[in-house]
Structure formats: C-alpha cells, structure tokens
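Architecture and fold: a report
Here are the chains, one letter per residue:
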Amino acid sequence: QPNRVPPRRAVAANMAGSLKLLRVSQQLVSQRSACAGLRHQGRLAANFFALPPPSTQALFGVRSFSSQPKADEGPPAGGLDFTDSKIAFDSKSTFELFRGWLILQTCAVGWIVRHCDSLYNISIKILGSYLTHEILRHALFNHFCAGETAKEIIPKMEYLRTFGVGGILDYAAEAKDDGEPIKAPLAEEATVGAPLSARNYDYSGEKICDANALIFMDAIRAVKDASPDGFAAIKLSGLCDPQLMERMSSCLIQITHLFWKISQDPATRKDISKSPYYAIDREFKVDRDTFKTNWLDFFKVEDDADVQKMFDKIDTDKAGVISYLQWTENIRLSGINDIAASCKHKGPMYEAALNDEELQLYFNLIDRVHRILGLAHELGVRVMVDAEWIDIQPAIDHLVLTLQRKYNTGDQPIVFQTYQTYLKGMHQSVLRDLARSQRQGWYFGAKVVRGAYMVSEREKAKKRGVESPINDTYEDTEKNYHDTIESILGHNVGNTGSETGKDSEAEVLVASHNRGSIELVIRRAEELGKDKKGIYFGQLMGMADNLTFKLSKNGYKAYKYVPYGPINEVVPYLIRRTQENSAILGSPGVQEERAMLRQELRRRVFRF
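Chains are numbered independently. Their residues run from 1 in the order of the written sequence. Whole-chain, interface and lining totals are the exception, using all residues; otherwise, since this is a predicted model, local features are given only for residues with pLDDT of at least 70 and side-chain atom pairs are given and counted only at 80 or more. Side-chain calculation: all heavy atoms of the structure are included, whereas hydrogens and water are not.

**Looking at the overall build of the protein chain**
This is how the line gets drawn: Helix numbering and strand numbering both begin at the N terminus, where a helix is a DSSP run of H or I of at least 4 residues and a strand a DSSP run of E of at least 2. For every residue, the accessible area obtained with a 1.4 Å probe (protein chains only) is divided by the maximum for its type, and the residue is called buried under 20%, exposed over 50%, and partly exposed between those limits. Values of accessible area rely on a 1.4 Å probe in the Shrake-Rupley scheme; residue burial ignores everything except the protein chains shown.
In terms of regular secondary structure, the protein chain is built from 25 helices and 10 strands. In the protein chain, buried positions account for 55% of the 608 residues. Approximately 26100 Å² of the protein chain is accessible, and the part contributed by carbon and sulfur atoms is 52%.

**Considerations on helix α22 (residues 545-553)**
With 8 of 9 residues buried, α22 lies mostly within the body of the structure. Among the residues of α22, those classed as buried are D545, N546, L547, T548, F549, K550, L551 and S552. Just past α22, the residue G555 takes up positive phi, approximately 90°.

**Examining the side chain of D170**
The criterion, for reference: Definition of a polar contact: a pair of N or O atoms within 3.5 Å, with one able to donate and the other able to accept a hydrogen when the atoms are protein atoms, and with sequence-neighbouring residues admitted only if both atoms are side-chain atoms.
Structurally, D170 can be placed in strand β1 (residues 165-171). A distance of 3.0 Å separates a polar atom in the side chain of D170 from a polar atom in the side chain of Y561.

**Observations concerning the packing of aromatic side chains**
For clarity, the cut-off: What counts as a ring pair is set by centres within 6.5 Å for rings of Phe, Tyr and Trp (its six-membered ring), and what kind of pair is set by the plane angle: stacked under 30 degrees, edge-to-face over 60, tilted for all other angles. Cation placement over rings: the criterion is NZ of Lys or CZ of Arg within 6 Å of the ring centroid and within 35° of the ring normal.
If you walk through the whole model with that rule in mind, you get 21 aromatic pairs. Arranged with centres 4.4 Å apart and planes meeting at 35°, the rings of W295 and F299 form a pair that is tilted. Here the two residues W295 and F299 agree in accessibility, since each one is buried. By way of ring pairs, the aromatic residues F259, W260, F284, Y324 and W327 are connected into one cluster. Just above the ring of F141 sits the side chain of R137; from NZ or CZ to the centre is 6.0 Å. The ring of Y277 is capped by R282, whose NZ or CZ atom sits 4.7 Å from the centre of that ring.

**Some details on the environment of F537**
Within the element layout of this structure, F537 appears in strand β9 (residues 535-540). The class for F537 is buried, based on a relative accessible area of 0%. Spatially, the C-alpha atoms of F537 and V510 are 4.8 Å apart, while their sequence positions differ by 27 residues.

**Considerations on the sheet that holds strand β6 (residues 415-420)**
Note the following rule: We call two strands paired when DSSP finds no fewer than two bridges between them. Only C-alpha atoms enter the line fits that serve as axes; for helices the fit covers just the stretch in contact. Angles between N-to-C directions range over 0 to 180 degrees. When checking whether two residues touch, look at their non-hydrogen atoms; a contact exists if any pair is within 4.5 Å.
Overall, parallel pairing links the 8 strands, which are arranged β1-β2-β5-β6-β7-β8-β9-β10 in a closed barrel. Between one strand and the next, the sheet's axes are offset by a mean angle of 30°, whatever the strand orientation. For β9 and strand β10 (residues 557-564), the ladder comprises 5 bridges, and the chain directions are parallel. Note that in β10 the partner of Y536 across the bridge is K557. Contacting β1, β2 (231-234), β5 (382-385) and β10, helix α9 (residues 206-226) crosses the sheet at an angle of about 165° to β2.

**Quick word on the environment of E527**
Its location among the elements puts E527 in helix α21 (residues 515-528). Relative accessible area serves as the criterion here: at 55%, E527 is assigned to the exposed category. Polar contacts involving the side chain of E527 include one to the side chain of R524, which spans 3.0 Å.

**Some remarks on the pattern of salt bridges**
Cut-off, in case you're wondering: Between Lys or Arg on one side and Asp or Glu on the other, a salt bridge is scored when a side-chain nitrogen of the former is within 4 Å of a carboxyl oxygen of the latter.
Throughout the structure, instances matching the rule amount to 32 salt bridges. Ionic pairing is found between R524 and E486, a salt bridge with its closest N-O pair at 2.9 Å. Placement of the pair is R524 in helix α21 and E486 in helix α20 (residues 474-489), with a sequence separation of 38 residues. Judged by relative accessible area, E486 falls into the partly exposed class, the value being 34%. The salt bridge involving R515 is made with E592; its shortest N-O contact spans 3.2 Å. In this pair, R515 is assigned in helix α21 and E592 in helix α25 (residues 588-605), connecting sequence segments 77 residues apart. Judged by relative accessible area, which is 9%, R515 ranks as buried.

**Side note on the confidence of the model for the protein chain**
For the record, the criterion: Within a predicted model, pLDDT stands for the predictor's per-residue confidence, ranging from 0 to 100.
Chain-level statistics for the protein chain give a pLDDT mean of 80 and a share of 79% at 70 or above. No element of the protein chain has a lower mean pLDDT than helix α3 (residues 56-60), which averages 29, and none a higher one than β6, which averages 97. In the model, residues 1-72 has pLDDT below 50 throughout and makes 114 contacts with residues more than four positions away in sequence or in other chains. Note on residues 174-203: pLDDT under 50 across the span, and 119 contacts to partners over four residues away in sequence or across chains.

**Here we look at the pairing of β9**
What counts, and what does not: Seen with the strands pointing away from the viewer, any crossover whose path from the first strand over the helix to the second strand runs clockwise is right-handed.
The element β9 is largely enclosed, with a buried count of 6 among its 6 residues. On β9, burial covers both faces: I535, F537 and Q539 on one face and Y536, G538 and L540 on the other are all buried. Relative to β9, strand β8 (residues 507-511) is paired through 4 bridges, and the arrangement is parallel. Paired with L509 across the strands is Y536, a residue of β9. Regarding the hand of the β-α-β motif, the stretch spanning β8, α21 and β9 is right-handed. At this point the chain moves from β9, through α22, to the parallel β10, and the crossover so formed is right-handed.

**Remarks on the packing of helix α18 (residues 426-440) against α20**
Quick reminder of the rule: An angle counts as roughly parallel when it lies under 35 degrees, as roughly antiparallel when it exceeds 145, as roughly perpendicular when it falls between 65 and 115, and as oblique in every other case. The classification used treats Ala, Val, Leu, Ile, Met, Phe, Trp, Tyr, Cys and Pro as nonpolar, Asp, Glu, Lys and Arg as charged, and all other residues, Gly among them, as polar.
Between α18 and α20, whose axes approach to 9 Å, the crossing angle comes to 10°. Comparing the axis directions of α18 and α20 gives the class roughly parallel. Facing M426, H427, V430, L431 and L434 of α18, the residues of α20 in contact are N480, D483, T484, S487 and I488. In the contact of α18 with α20, the residues fall into 5 nonpolar, 4 polar and 1 charged.

**Brief notes about the nonpolar core**
Quick reminder of the rule: Here, the term nonpolar core denotes a set of buried Ala, Val, Leu, Ile, Met, Phe, Trp, Tyr and Cys residues that are joined through side-chain atoms within 4.5 Å.
F291, W327 and L373 are the most contacted members of the largest nonpolar core, which totals 120 residues. Among the elements that make up this core, the one with the highest residue count is helix α16 (residues 356-379) (11 residues). When near neighbours in sequence (up to four residues on either side) are disregarded, L373 contacts I234, V383, L403, Y407, I414 and V415. Among the nonpolar cores identified, the runner-up in size contains 37 residues, and F231, L509, L540 and Y573 belong to it.

**Concerning the pairing of β1**
The buried count for β1 comes to 7 of 7 residues, which makes it a mostly enclosed element. The side-chain alternation of β1 yields two buried faces, one formed by V165, G167, L169 and Y171 and the other by G166, I168 and D170. Pairing between β1 and β10: 7 bridges, direction parallel. Bridged to L169 within β10 is V562. Two elements, β1 and β2, share 2 bridges in a ladder whose sense is parallel. Bridging across to β2, I168 finds its partner in F231.

In structure tokens form, the structure reads like this:
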C-alpha cells in the first residue's frame, strides 16, 4: 500500500519518473499522425504547476448533466466542504494523483475519446497484446479497477475500508462459451410487474448464460469476502437472449395498454401506442361493468360469468373497482398466451404473446436469477440490478419486482432496483413501486441515476416515428431526479425500528458525481430526520474522490463502483465507458476535480 504522506525525495522521484514517461510517450505519439490529438499534452505538463486553479465562475458556469451548485445557493449541507483536496486525496500516493490528473486531462480531448477504441486496436497490432495491456495496466487499469480476480481485489477493498469506503463490485468480463448448460425446472413465481454496469453481453446460447450466472455468483462471494457491507452489480441481459427480453417487454407493454383500453370509453379512447411506456397514465380504476363491457369487445368468451370471475380474482380488495397495481399483480406473463388465444382480432396483444420455446427460455431465466439471488440472500449480500436500454427495461422491471417480493422480506433489502430518471414518467413509476412495497410487505431498495442511453434512445425514437422516452430538457431530468430521491427519502420516514418491510424506511443509493445533488440529498434528509444508515452515495472508482472520501469521513455510507476482471477483457469495457460518459468528462464537476488534483499535487511537491 502507498505511504499516506510520501517522503520529499519519493515525491520528487515519482514526479520525475512520471514526466520522463510522459516525454517518451510524446516522442512515440509524435511519430504517428493518427495520434496528433495527444501532442498538446507536453505543453500541459510543462505548465502544470504554473496554471492557477480555475475560478468558481469558470467551474460552475457551464450547463451540463453534471452541473454543480451556484455560489449563492447557501452554505454546504451538513457543513461538508467538498473542495478540501487534502481529505479528498488522502488515500492517494503522489504518483496516483499525477496519473489521475493526466487521465482526466487526456479525456478532455474529444478526438481521443471518440477514437480511443481505434487507438487501442492499432496498439494491439503494433505492440502486441501483452505490451499494450501492461502499459494500460499502469496507465489506466489500476486507476479504475481493483484487480483481475476476486483474490486480487481484497487488498484494495480493505484499503478503501480503512477510509470508511465500501465497494460495489462488478465483474467486468463476460463468460466463455464452454461447458454444458444447466437444466432449469419448468416453474414460475406467481408474479408480474408492471430500469452503470460493466459489460453489454451478446447472446451466445444458453451455455454462456449459465456461465454468466456463475460469474455473478462469484462476484457475490467476492463482495462477502472483500467488502462485506458492499453491493454486487448484475446485468440481467447477460442471463438470457436480449431478444427474449425485448419480447417480454413487448408483452408487458401490451398488458399495460390493455388495462388502459378496458378502462376507457371506446368513443373517446386515445391511441397510446406511440406514447413513452413510463409516461402512460395509470392513476385510474376500472369498475365491474366497464371491465365486462370492454373485455367482451376484445375477447371471445364462452360464458359471461368467466369475465365476472376474472374481475373478482383481480379485485383483491373487494372494493368493486380494480387498480393498475391489482391488475399487474394478477396477470401472469406466461398466462398472456391464454388471453391472446381468445383475441377477436390478431392485433398487438396476440403478436406479443410468447411461444412455447420463448416460455422455456423465460423459465430458464427465472431459474438463473433465483439461483443468484438465493446465494445473495444466504450470504447477506445486497445486489443492484442495472438499468439498460428502453426496449428491454420493462422486462427488467418485471423481474426485479419478482425478486424484491421474495428476497426483500428479511431484516434488510437484498435487491435494489435502478431507476433512470432521464426517462419521462420515471418519478411516477417509483411512486407505484413504493406503493407496491407497502401493499405487498417488502423492503424498498433503489439506486437512482440520471441515465446512460440518452443519445441512442432519442435516435431510435426518431427512426420509429414515436415520442422520445427521454425528457426534453436538462431541467426536466434534474427535477425528475430530485423528486424521485425525495419521494424515496420520505417513504415511511421515522419508522427506523420497524421489523417489517411494509412499514420500514426505504433505502436508496444516490449514484451521482453531481455535488449539488448530493448536497440537496443531505439537506433534505436532515430536514426529514431520516437516518443516515438508509442513504448511500456511489461514485466510480478513479473519479469524484472529493465526494466519496468527504462523505465517508463525515459518517455517510460512501461507495466506489469497482469493476474487476482479466485486463484484456476489462480494457474494452473501460473504453466503452469513457465514450458513453464523454459528456461527463467535460462537465464542471470533472473540471473541479482536475483543479483539485493539481492543487493537491502542488501542495505536496512544494510544501517546503
């Protein structure tokens, strides 16, 4: 482990070695015109200590998805000063500080970010895989990752724990296509519900899905060994064919559309087929007569009494009306086939039903997620299910609700849903899930993010001729984000001694590098009197240390999102994450972090 306060000679030696390495790198880069965007780094390094830190106006005057609070917004929440570079980087050696500054400086060059995958492939061809990855190990991998294996990550996790920082572990490499598939039983939980992880998995058969399940289980064991109070992150698209999840999502969307149709007067019924899924109004109820009349318009039945029996089954409160929550609790995904078979017309509902082969794959998926979460429940490890793209998100929602109903009934929530608040209507979706947790008696656990698929989702919506699911403005997303967190903070607030999920406070992980949002959460939690133990803050490893370590030092539960895995498989992930988060890399928050890194380096090197 690095010395907390390096000796003066060690500092000078580290800096001299780093600058020498930089000069050698520049000589190599200058010989290749393809890498011309890197040439200005020498001037940056040469003037490193001469540059004054940017002004507050320069840092906070730019609008972005990671905008920081304005200077006139009052004192920091809870008395926290996130600009204290000494506390922020106390865990870093001087070399690690310089490397972090250089990485952020390089990532500010748009040309490099856009073409880093091509540069990586060129290096593989010229230098070979081994040399390329050894260079990247010290330049990039060790900055953002904890190691290659579960055993290797333990020292890093233990070191973070000495500063009160936990880990959110994500195995960042996909499984190999070998071995025999694990047989799944034909059984389904009686459930139907109604979204920043390492890899995007490509479907390569049931064998690789079974292997991915074993990898996720290894990650859960690694959390238990290396960061007992931490989380494991899993991506459900790695456990089945993503096309199956798209089919499942289509089916679930049609279930929602059907509820809308049978609740409306046919003469005034609107077409909602092009409306964003989460923005569809669900805040209404259907009485018995309306249900019967509209059901008979869409489906063939042998006896009208069958419709009455269906209504009575869904009307669990025996109030004479049914709500959307009751509807989704009683219509099984696998049971849609029976409903679709009675359609009078072969429309969207009929086409959305899963065939026998798809149902078998669905049951296989159910088996995998229960094996993973069964292990997590046994070991007491909390699991965050990542949100993904909109075409498969309803299926993820459905599965996560299934898991929460089963595994969040003990003394803590095991399963955490991820909500992407750049989606229209997401706040209403959270409110429905909060109501479900109370109604069904389970602990509510969530991770709240702004979102990662903004550009691609808008492009898809435009090509399809439908309304974009993404909020129209930054202000809409910001409001959605903060309203969502506030609703979760206020859920059952004050019931800290409750032993049941129904009456317990909700738990939330605020995944954000936005200092303003974090200060708002702290301030609002103090106003509500909410216990700190149910609020978590998460940032990526290698970034936003000024937030993570200041939070942990002041008694808040702070976490680093830590990918690990074989370097040859993790580096492509790092490249993709860099490109996906290119907007963040130019944000005021990153500018502030870069300035703080420079400030701390100056303090250490020139403290005499």
